[in-house]
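Chain residues, written in single-letter form:
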Amino acid sequence: MKKTLFSLFMLAGVMEMMAVSITSPNGALLLNVNVNAQGTPEYSLDYKGKPIVKDSKLGIMTQELPLTEGFHIVSTDTLSVDRTWEPVWGEYSEVRDHFNELAVKLAAENPQRELTIRFRVFDDGLGFRYELPVQDGPNYLTVTDELTEFNYTDNHKLFAIPGDYDTDEYLWSETTFEELPEAMASYARHSEAQRVDGLTVQTPLLLKTKDGVYVNAHEAALIGYPAMLLDVDPQTYSMKSHLVPDRLGVSAYLQMPFNTPWRTLIVSDDARDILASQLILNLNEPSKIEDTSWIKPMKFVGVWWEMFTGNQKTWAYSDDHLAKPGVTDYTKLTPNGRHPANTENVKRYIDFAAANGIDGVLVEGWNEGWEDWASYRKNRQFLFDKPYPDFDLPYLRDYAAEKGVKLIMHHETAANAADYALQLDRAFQFMKDNNYDAVKTGYVGAIIPRSEHHTSQWMVDHARDVAERAAEYQIMVDSHEAPRPTGLCRTYPNWLAQESARGGEFESMGGNPPSHTCILPFTRLKGGPMDYTPGLFETRLSYYGEGKTGQAGTTLARQLALYLTMPSPMQMACDLPENYERFPDAFQFIKDVPVDWSDSKYLEAEPNQYITVARRDKHSDDWYVGAITDDKARTATIDLSFLPRGGKYEATIYEDAPGADWKSNPQAYRIRTVKVKPGQKLKQPLAPGGGAAIRIQRVS
Ligand code: NOJ
Ligand code: CA
């Protein structure tokens with residue numbers, strides 16, 4: 001270890017260590033840690049010689065022990081690590097984990113208490129966590145708040161969504177510290193969610209300084225602890241951790257020894273580095289699953305979009321069930337005739353998947369309990385081993401197997417997570433008995449009967465527990481409305497995807513502007529892949545439940561690019577088979593595009609505006625490029641330096657046709673094939689709200 005990396009300063013005349021600093025391996029980031037006059041630990045972070053975070057306090061408020069003041073530094077430990085690991089799936093086949101670490105051991109008397117704060121400084125940012133060792137005093141702590149501050153230096157630009165204990169399905173604001181109050185006040189309140197009173201935002205949050213430094217603030221390895229929001233002071237440009245409480249106001253119940261999640265700051269003056277950063281994954285533990293051979297990235301279609309758009313199809317089998325709440329025998333109910341999870345229709349999707357090489361078919365609305373799901377009255381229980389009378393599971397199971405297609409199970413809990421946890425083993429066994437190996441879970445609504453928030457400690461534990469227990473059954477998980485991801489997919493690689501943001505379904509509920517998918521990769525996706533549901537070809541939609549129509553914020557070609565810019569190992573082709581059949585040449589791209597990569601190169605990026613990325617297929621030498629823009633037309637420059645020299649290449653370009661525009665001409669696309677060379681710079685026009693998707697194959 002190089003001595004110069006670490007310096008211990010002794011304050012004149014004081015025999016205790018008061019300040020410690022370390023740098024990132026490349027020296028660009030400098031972390032300082034000290035203990036102030038009140039004995040409160042503080043840190044600051046400089047990037048390329050300029051402060052990013054000014055002195056910011058650290059500590060945890062508990063009912064039993066004051067873990068915020070009275071401390072002195074007992075000792076410090078340093079460590080340099082440079083290692084690589086191989087993800088089961090993802091954007092890269094190998095990830096470098098390279099950091100300098102500083103562990104600051106703190107102690108205080110009256111009452112006796114100890115706390116270690118561990119910092120890791122990477123070339124692309126900082127992570128730190130609190131480690132609570134077994135104490136001489138109480139070993140169960142009731143956490144009421146966390147002191148962690150992030151004091152920024154100026155009126156930075158912020159990309160933010162409002163603080164909310166229950167949902168993150170919001171559009172993003174591009175604002176500043178000083179304008180944040182106005183931006184946050186403009187959001188409507190969700191009826192079933194608890195917005196935080198006061199000025200609070202969610203993580204992952206993105207900041208941009210006037211000097212052009214980007215900072216992504218989030219957390220890693222969220223286990224056994226509530227999610228973190230951030231309270232913002234728009235005048236002093238400071239932020240403070242705000243832990244999601246339970247309904248009694250308690251944030252966490254801890255037993256020592258305990259390590260909190262890592263608080264993370266990804267920092268760079270190049271926006272592309274924020275997208276490429278693997279810092280959050282690096283701060284998570286390696287896979288707990290030894291044999292990962294059964295974990296298979298996949299594409300899927302689903303009996304799903306029919307319920308959002310079109311002619312008011314329903315998840316429920318019957319309409320008269322509400323009027324007969326006591327009836328438990330579903331065969332006694334009148335079918336409503338608008339229930340797409342029926343044998344014939346599912347068979348149609350299986351045929352479509354088989355004919356097009358799509359791995360899976362998700363079926364929503366297959367099981368008992370949907371009759372009042374959206375009203376949250378819960379006089380119906382969701383049962384996860386009881387198919388509706390018109391869903392012939394044994395037949396479909398065998399039919400899918402014969403066609404080489406996997407059925408994907410859906411478990412909507414309507415937020416009754418406690419009941420779901422009780423049914424879980426039975427539900428997973430039922431899946432295995434019927435040849436399912438992937439589940440999409442859902443938690444729409446308020447959490448009952450425990451009245452927990454969606455991102456409280458109990459729900460964080462629940463979501464992780466579902467992934468862990470699913471692994472015991474060799475089941476892959478895609479969770480919706482679960483706490484936003486923090487890189488746990490490294491530890492539980494069967495947790496392929498999550499929603500945890502405003503997804504593509506909102507195209508039928510108000511719309512997503514083109515900028516939305518230009519900010520998600522900088523924010524939500526840093527925690528892990530998103531089940532965004534790309535692949536929308538019919539962009540004129542009749543809205544969910546309203547009878548209104550709207551225009552999705554996208555061109556058709558852009559939807560193809562999303563397979564690259566929103567990478568996920570569990571990737572949907574969201575539209576109806578009949579819409580894909582109308583555009584078979586464009587659908588070819590969805591058939592071809594991989595969902596697992598050996599390398600990724602972010603070529604151009606600016607949050608909320610544009611992203612251009614190239615990825616190499618994990619299982620072939622093919623490269624794919626995706627480029628998207630916001631509502632402005634743009635010419636992407638695609639530098640093909642990533643192609644190995646010496647080869648000849650052919651690019652198949654799926655692009656917006658001249659005159660395409662998301663509002664007025666979204667389905668105008670064209671496909672052309674051109675010869676390309678390594679090092680060539682392709683100029684690729686993108687329409688307003690548009691995009692381009694390219695497959696590059698070596699031809700000799
Ligand atoms: C919300 C989910 O995001 C969506 O994908 C699902 O279809 C509905 N809940 C019903 O479970
Ligand atoms: Ca959702």
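Scroll up for the structure.
Keep in mind it's a predicted model, so treat the numbers as computed, not measured.

Undergrad: For the environment of tyrosine 253, give the residues involved together with the corresponding values.
TA: Of note, tyrosine 253 is situated in strand S21 (residues 252–255). In sequence terms tyrosine 253 and arginine 338 are 85 residues apart; their C-alpha atoms lie 46 Å from each other. In this structure tyrosine 253 touches Leu141, Thr142, Asp246, Leu248 and Gln457, once residues within four positions along its chain are discounted. A polar contact of 2.8 Å, which involves the side chain of tyrosine 253, links it to the side chain of aspartate 246.

Undergrad: Pulling in residues and values, what's your account of the packing of aromatic side chains?
TA: Under the counting rule described, the total for this entry stands at 35 aromatic pairs. Ring geometry for tyrosine 330 against tyrosine 388: centres 5.5 Å apart, planes inclined by 55 degrees, an arrangement best described as tilted. Of this pair, tyrosine 330 sits in the loop between helix H4 (305–308) and helix H5 (343–356) while tyrosine 388 sits in the loop between strand S25 (360–363) and helix H6 (393–403), and the two are 58 residues apart along the sequence. Across the pair, exposure class does not vary: tyrosine 330 and tyrosine 388 are buried alike. Note on phenylalanine 589 and tyrosine 654: the rings are 5.1 Å apart at their centroids and 65 degrees apart in plane angle, and the pair reads as edge-to-face. In this pair, phenylalanine 589 sits in helix H12 (residues 584–592) while tyrosine 654 sits in strand S37 (residues 649–656), placing the two residues 65 residues apart along the sequence. Given the relative accessible area of 1%, phenylalanine 589 is considered buried. Look at tyrosine 654 and you get buried, because its relative accessible area is 6%. Aromatic rings pair up to connect Trp304, Trp305, Phe308, Trp315, Trp370, Phe382, Phe384, Tyr420, Tyr443 and Tyr544 into one cluster.

Undergrad: Pulling in residues and values, what's your account of the coordination of the calcium ion (ligand 2)?
TA: At this site the calcium ion (ligand 2) is bound by Glu169 (OE), Glu481 (OE), Glu499 (OE), Glu499 (OE) and Glu505 (OE), with donor distances of 2.2 to 3.1 Å. Each of the 6 donor atoms bound to the calcium ion (ligand 2) contributes to angles spanning 51 to 164 degrees, and the resulting shape is irregular. Sequence spacing of the donor residues for the calcium ion (ligand 2), all on one chain, is E-x311-E-x17-E-x5-E. Separated by 24 residues along the polypeptide, glutamate 481 in the loop between strand S28 (476–479) and strand S29 (495–498) and glutamate 505 in the loop between S29 and helix H9 (516–519) bring together distant segments of the chain.

Undergrad: Run through the pattern of salt bridges, naming residues and quoting values.
TA: Per the stated rule, a full pass over the model turns up 45 salt bridges. The partner of glutamate 538 in a salt bridge is arginine 582, and the shortest N-O contact between them spans 2.9 Å. With glutamate 538 in the loop between H9 and strand S30 (540–542) and arginine 582 in helix H11 (residues 577–582), this residue pair connects regions lying 44 residues apart in the sequence. Given the relative accessible area of 18%, glutamate 538 is considered buried. Given the relative accessible area of 44%, arginine 582 is considered partly exposed.

Undergrad: Can you explain the sheet that holds strand S7 (residues 66–67)? Please cite residues and give values.
TA: Strands sit in the order S7-S6-S12-S21 across an open sheet of 4 strands; the sheet is antiparallel. Each end of this open sheet is capped by a strand with a single partner; those strands are S7 and S21. Bridging between strand S6 (residues 60–62) and S7 involves 2 bridges; their strand directions are antiparallel. If you follow isoleucine 60 over to S7, its bridge partner there is leucine 67.

Undergrad: How would you explain the nonpolar core if you had to name every residue and give the values?
TA: The biggest cluster of nonpolar side chains holds 207 residues, and the ones touching the most others in it are Leu31, Tyr43, Phe119, Tyr152, Met239, Leu265 and Phe428. Dropping the residues within four chain positions of it, leucine 31 is found in contact with Val20, Ser21, Ile22, Tyr43, Ser44, Leu45, Leu102, Phe119, Val121 and Leu126. Judged by nonpolar contacts, the second largest core, of 19 residues, contains Ile638, Tyr649, Ala651 and Ile653.

Undergrad: Which residues make up H5, and what are the values?
TA: Here H5 spans 20 Å end to end across 14 residues, near enough to the 20 Å set by a 1.5 Å rise per residue. The complete set of buried residues in H5 reads Thr343, Asn345, Val346, Tyr349, Ile350, Phe352, Ala353 and Asn356. The first or second residue beyond H5 is glycine 357, which carries a positive phi of 70 degrees.

Undergrad: Please set out the pairing of strand S4 (residues 41–47) residue by residue, giving values where relevant.
TA: Here S4 lies mainly inside the structure; 7 of its 7 residues are buried. Residues Pro41, Tyr43, Leu45 and Tyr47 point to one face of S4 and Glu42, Ser44 and Asp46 to the other, with burial holding for every one of them. Two elements, strand S3 (residues 29–35) and S4, share 7 bridges in a ladder whose sense is antiparallel. Along S4, the bridge assignment pairs asparagine 34 with glutamate 42. In textbook terms, the turn of a hairpin is the stretch between consecutive antiparallel strands, and for S3 and S4 this stretch comprises 5 residues, one of which, glycine 39, has a positive phi near 75 degrees. Where S4 meets strand S5 (residues 50–57), 5 bridges bridge the pair, whose relative direction is antiparallel. Following the sheet pairing, tyrosine 43 is matched in S5 by serine 56.

Undergrad: Could you give an account of H12, with specific residues and numbers?
TA: Restricting attention to buried positions, one finds in H12 the residues Ala586, Phe587, Phe589 and Ile590. Looking straight down H12, one finds its buried side chains confined to an arc of 140 degrees; they lie on one side.

Undergrad: Describe the site of ligand 1, with residues and values.
TA: In the neighbourhood of ligand 1, 14 residues make up the surrounding shell, with Glu364, Glu412, Lys440, His480 and Glu505 lying closest. One nitrogen or oxygen atom from the side chain of histidine 410 is found 3.5 Å from an oxygen atom belonging to ligand 1. Separating an oxygen atom of ligand 1 from a side-chain N or O atom of glutamate 505 is a distance of 2.8 Å. Coverage of ligand 1 by the protein chains reaches 96% of its 290 Å² of free accessible surface. A majority-of-atoms criterion places ligand 1 in the largest pocket. Partitioned by chemical class, the residues of the shell around ligand 1 number 6 nonpolar, 2 polar and 6 charged.

How each quantity is defined
Residues numbered from 1 in each chain as written. Chains lettered and ligands numbered in written order. Predicted model: local features only at pLDDT ≥ 70, side-chain atom pairs only at ≥ 80, totals over all residues. Heavy atoms only, no water. Helix = DSSP H or I, 4+ residues; strand = E, 2+ residues; numbered from the N terminus. Contact = heavy atoms within 4.5 Å. Polar contact = N/O pair within 3.5 Å; in protein donor to acceptor, adjacent residues only side chain to side chain. Phe/Tyr/Trp six-rings, centres within 6.5 Å; stacked < 30°, edge-to-face > 60°. Buried < 20%, exposed > 50% of the residue type's maximum accessible area, 1.4 Å probe, protein only. Donors = N, O, S within 2.8 Å, 3.2 Å for Na, K, Ca; no water. Tetrahedral: all angles 85-135°; square planar, octahedral: opposite > 155°, others 65-115°. Salt bridge = Lys/Arg side-chain N within 4 Å of Asp/Glu carboxyl O. Pairing = 2+ DSSP bridges. Core = buried A, V, L, I, M, F, W, Y, C linked by side-chain atoms within 4.5 Å. Expected span 1.5 Å × (residues − 1). Arc of directions from axis to C-beta. Near = heavy atom within 4 Å. Areas by Shrake-Rupley, 256 points an atom, 1.4 Å probe, with all protein chains shown as cover. 1 Å grid on protein atoms, 1.4 Å probe; cavity = no way out; pocket = protein on both sides within 12 Å on 5 of 7 lines; lining within 4 Å. Sits in = over half its atoms within 2 Å of the grid points. Nonpolar A, V, L, I, M, F, W, Y, C, P; charged D, E, K, R; others polar.

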